[in-house]
Amino acid sequence: DKAARKGRLRLDDRAAALARKAIVPGDAAASSLVERIEADDGHGQMPPARFKKPLSDAKKRLLRAWVEQ
């Protein structure tokens, strides 16, 4: 919902995700999405630690594999 969206990153819009380099197909290391889900310092971490819903290691691996494919 555009009215409720707080950030400008759109992962449901391929062109927007690619333009912002959130997802770099075939290159997880260059994808900010992967960088943020693997962050453990709280800075830029996705999902933010304050939500207390961290991704499991299995889900992180799945997302990394998806970007690589």
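Bear in mind the structure is a predicted one, so any value in this text is a computation, not a measurement.

1. Comments concerning the confidence of the model for the protein
The pLDDT averaged across the protein works out to 88; a share of 94% of its residues lies at or above 70. Mean pLDDT values for the elements of the protein range from 91 in helix α1 (residues 14-19) up to 96 in helix α3 (residues 57-68).

2. Re the side chain of S31
Among the secondary structure elements, S31 is positioned in the loop between α1 and α2 (32-38). Judged by its relative accessible area of 1%, S31 falls in the buried class. When residues no more than four places from it in sequence are discounted, the contact partners of S31 are K21, A22, I23, V24 and V67.

3. Observations regarding the pattern of salt bridges
Summed over the entire model, instances satisfying the criterion amount to two salt bridges. The salt bridge involving D12 is made with R10; its shortest N-O contact spans 2.8 Å. Residue classification places R10 among the partly exposed positions, given a relative accessible area of 26%.

4. Notes on unusual backbone geometry
Each neighbour pair has its own omega, and for M46 with P47 the value is -10 degrees, a cis peptide bond. Residue placement: P47 occurs in the loop between α2 and α3. For K21, which is not glycine, the phi dihedral falls at a positive 60 degrees. Looking at the secondary structure, you find K21 in the loop between α1 and α2. Look at K21 and you get exposed, because its relative accessible area is 53%.

Calculation notes
- Residues numbered from 1 in each chain as written.
- Predicted model: local features only at pLDDT ≥ 70, side-chain atom pairs only at ≥ 80, totals over all residues.
- Heavy atoms only, no water.
- pLDDT = per-residue confidence, 0-100.
- Helix = DSSP H or I, 4+ residues; strand = E, 2+ residues; numbered from the N terminus.
- Buried < 20%, exposed > 50% of the residue type's maximum accessible area, 1.4 Å probe, protein only.
- Contact = heavy atoms within 4.5 Å.
- Salt bridge = Lys/Arg side-chain N within 4 Å of Asp/Glu carboxyl O.

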